[in-house]
Amino acid sequence: MADSEVLPRPCALPAPPLVIALHDCIPGRVRWHVQGLRGDPALKTLLESGLPDLPGLHSARASTDTGNLLTLFDAELPVERLRERIVALIRREVVPTSGGGPGWHSLPADAVVDALNTSETGLTREAASGRLAEHGANTLPPPSSRSGLGIFLGQFQTLPVGLLIAAGAFSLLTGGMVEAAAILAVVGFNGIVGTVVESRSERTIRGLAEGGQEPAHVLRGGEAMAIPPEGVVPGDVIELLPGTVVPADARVFHARGLRVSEAMLTGESLPVAKQAEPVRRAAPLADRASMVYRGTAVTAGSGRAVVVETGSRTEAGRIQRLVGGEGRPPTPMQRQLDLLGRQLVWASLAACGAVMGLGGLRGIALFQLFRSAISLAVAAIPEGLPMVATTTLALGIEDMRKRGVLVRRLDAVEALASVDVICFDKTGTLTLNQMRVIEVASGGRRFRAGPDAPLFDPEGRPASPGEEDDPLARLLRVGVLCSDVALVEREGALIPSGSATEAALVRLALDLGLDAAVLREAHPRLAIRHRAEGYRFMATMHRQPGKEEALVAVKGSPAEVLDLCAWELREGSRRPMTAERREAILQVNEAMAAESLRVLGFAFGGIAPGMIEQDAEELAPVAGLTWVGLAGMADPVRPGMAALMGRLHGAGLRTVMMTGDQAVTAQAVARRLGLAGEAPVEVFDAADMETLSEAALKAAVVRAHIFARVSPAQKLRLIRALQEAGDRVAMIGDGINDSPALKAADIGIAMGGAASSEAAREVADVVLRSDDLETLAVAVERGRMTYVNVRKSIRYMLATNFSEILVVLAATLAGFGEPLTAMQMLWINLVGDALPGLGLAFEPPEPGLMRHPPYSAKAGIIGQEELGHLGAEGGMIAAGSLAAMGWGALRHGAGAEARTMAFGSLMTAQLLHALTARSARHGPLAGTEALPPNRPLAGLLLASAALQGLGLLVPGVRDALGVVPLGPLDFVASAAAGVLPYVANEALKAGRLPDPAS
């Protein structure tokens, strides 16, 4: 080869793009395909946690099965900027902050202070004002709420209502003013009923809103001051005192026995110890001991922290963004009514086409065919269906409101009928979120908490503390003195306020008759040392009246407190602590811990006068103490929960717990309330989620009863996984950490008590006004009853409307022309269908309703097999009407008399068919049990019959309907043609297999 020859260079194929926009037609919504996302859960986590840090982006949802990423964002956010952010995350050019800024929790405290250009004495007032202008007020956007106009317009967004509006407009264009007015009146009535009911629920739920926020305690230029929480800015130094609510996310730089309740944010039931030392960067939210977060509450100790994030950039703000990105899935009835509406449209078009075709073949005049087609279109659309469905749901809402269950939306009632999984938050939902002493071991005796007294002895007698040397009395005194709990007087009673654990001990002492305020006044505190790392107990020194020796009170880790003890108070005397007694006490401690109780040991002693004035932080552990006993505490399960679980399981529902607590704590609660029934409890630890593919996660969630250590975002993902596995999910919670899952669930149910968060109530479909979960079973039963009754009404209306279609088709085929006018059809649909259909909404529940499994959300509201039954029933009704019309035609010709007889018999048969529609199993010729009375249905049937009488007898109404007076023989024949179909349909019912959904 010559040197001058140049070989062609191989073409370098361009690398495929990392990110491709698959669908970007809708402003603020883009679906992307991300290279490498398929099968990579780590990349999924990176995208879902890192993208929401971009201002203007609301949510990001990635799938490792498809490799696609769905993003929802403000329309003003440039799509190209979003693409650049996704690419930067994939290339690891940026790191998600996950609500912690640049890893605030992992940086030394002084580095955080320097990074925020502040000091431990706080910002100056001028600097704070400038930052407030730069960062904005420390507020969260209010949860989106529905206006009155929005609620009203929402009543017209279903397909059946749209069909009615179209029918009314069609009648108006063709000159049917009366028909159009009647149809639009039905639509308007439907909208007004729905708006009134939903607006009433909205107002009641808003009335449960929390009061004003507490002031924030900050340092400005070294001066302590209280300011409104919205004035807090990054760089502010906040003081953390017992009972205060943290106003913003902050990095702790000083802590002294500081403990914070994060239950509303993480679901962790016990207060969390906080420290100034940094923690690892990868620590999950619940383990970031160096951080405090907006909305959490200080329960014990004190500290100072520097604010790192405010407003919507806080963890609470991130959770709210998760809520904003979630849409509410449609209910089964919404989907099924829309499907039914589409089917009715096609059926109407097909029937109209058949009438036009058959009439044309028979040579009927075009105008007359057009009139018949209009009549048929009116017949095919059940005008009363939206009104009946709306009124039935409204009745359900009103019934539940009386029981303390507030339902925000009409469709939430019936959706409860198809729910098959109920997910409970643990802390504050299944439990009271109020620690209580469950068991005490003191002086060689064991005491248990009882329903009617704070403590019982083994013989069932109420515990009664004795004199000062009684071990139980000594334990209670140590619990009161060795505590940071404040005593607040409310309505003449002392209420402990502070750490849940310490409050439980002081509450027990008060309940057993100990005057805690007098005891503290008589024993003023001289020094304190809080529990700390390597020092797992709290010690306080107190002056004793009339004694030089100071009293030392100690509580904490049983093993460590026991190591300080040389004596034991037992049976009223002080005895040496032996090795055998130490072993016995430790065995009792292990037995109480095995019941998932939080166990503390208690001891007391004296200290020399010279030690009294020493600094508490230098107080060395005092040996030679006297042991007084153990106390085991737990967050008790709400009363009646075990019975509720049994009832829900009997109704075919699976119950699931989602909690931020450790698995062992959740398992103990699950055992107490029978969460899994007779089956072994399956636990899923949220730490395993990130290593599972979407398919593996779906397989895991369908087996689990407990999801432990779950964050708000993980709750949301678990709800989605359950839904994608085919379950209909209800979520019940009370905290801001529950709000994304509440909105994503098919039904979100919030607790409405004072401890619940406004964020949870605002996104929930249902609010339990009194935190009484026992009403949940009532809500499910009412939902099922509503579903059954709406279904009965729909079956009734479809059967009767089908009979009208058959009458028009058969009459046209036989050459009778227009058998029923459009006005007569409208009269039948409103008076003969809607009023009796409304009466079926009042049907009481049939026995065994809560012993059936949930109704399948996938099954149609009318099954394929039922279509044959409805066709047979409608055929019987049509046959009677056609027979009456034939009789009239033989006697008077195909004129007004024949149409009047057909009209009268059809009305009679349809009114009587409402009695048949009450049950598919019971009736005069079927079943062994008589149906309970339905007086509203009886009244509405009588009202319909009276209106029909007016239509046949009053000249003005008679003329509008186009009917004529009938002779006695014709009247009897018409009535008989209406009664015989009822007898025939009851006979058909007797030979039919029972329908469990009826």
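Worth saying up front: this structure is predicted, and the values here are computed from it rather than measured.

Novice: Which residues make up the sheet that holds strand β3 (residues 57-62), and what values do they have?
Specialist: Sheet architecture is open: 4 strands sit in the order β1-β2-β4-β3, paired in antiparallel fashion. Only two strands of the sheet have a single neighbouring strand rather than two, namely β1 (19-23) and β3. Ignoring which end each strand starts from, the neighbouring axes of this sheet average 30 degrees apart. Looking at chain direction, strand β2 (residues 29-34) and strand β4 (residues 68-73) are connected through 5 bridges and run antiparallel.

Novice: Explain the packing of helix α20 (residues 641-650) against helix α26 (residues 775-814) residue by residue, including any values.
Specialist: As a packed pair, α20 and α26 sit with axes 9 Å apart at the nearest point and diverge in direction by 20 degrees. One element, α20, and the other, α26, form an angle in the roughly parallel class. α20 and α26 meet at a crossing whose hand is left-handed. Packed against α20, whose contacting residues are L644, R647 and L648, the element α26 presents L776, A777 and E781 at the interface.

Novice: Give me the lowdown on the confidence of the model for the protein chain, citing residues and values where you can.
Specialist: When the pLDDT values of the protein chain are averaged, the result is 80; 79% of them are 70 or greater. Contacts for the low-pLDDT stretch residues 612-619, under 50 throughout, to residues beyond four places or in other chains number 20 contacts. Throughout residues 993-998 the model reports pLDDT below 50, and contacts reaching past four residues in sequence, or to other chains, amount to 19 contacts.

Novice: Tell me what's going on with unusual backbone geometry, and back it up with residues and numbers.
Specialist: Its identity is not glycine, yet N117 carries a phi of approximately 55 degrees, on the positive side. Positionally, N117 belongs in the loop between α3 (109-115) and α4 (125-135). On the basis of relative accessible area, N117 is assigned to the exposed category, the value being 61%. Its identity as a non-glycine residue notwithstanding, R709 has a phi of 55 degrees, on the positive side.

Novice: Outline the pairing of strand β25 (residues 654-658), supporting the account with residue identities and numerical values.
Specialist: Of all 5 residues making up β25, 5 are buried, and the element is well covered by its neighbours. Here β25 shows two buried faces, one formed by R654, V656 and M658 and the other by T655 and M657. Where strand β13 (residues 421-425) meets β25, 5 bridges bridge the pair, whose relative direction is parallel. Across the sheet, the residue bridging to C423 is V656, located in β25. The pairing of β25 with strand β27 (residues 706-708) spans 2 bridges and is classified as parallel. Of the residues in β27, the one forming a bridge with M657 is I706.

Definitions and cut-offs
Residues numbered from 1 in each chain as written. Predicted model: local features only at pLDDT ≥ 70, side-chain atom pairs only at ≥ 80, totals over all residues. Heavy atoms only, no water. Pairing = 2+ DSSP bridges. Helix = DSSP H or I, 4+ residues; strand = E, 2+ residues; numbered from the N terminus. Axes fitted to C-alpha atoms, helices over the stretch in contact; angles between N-to-C directions. Parallel < 35°, antiparallel > 145°, perpendicular 65-115°, else oblique. Left-handed = near helix turned anticlockwise from the far one by under 90°. Contact = heavy atoms within 4.5 Å. pLDDT = per-residue confidence, 0-100. Buried < 20%, exposed > 50% of the residue type's maximum accessible area, 1.4 Å probe, protein only.

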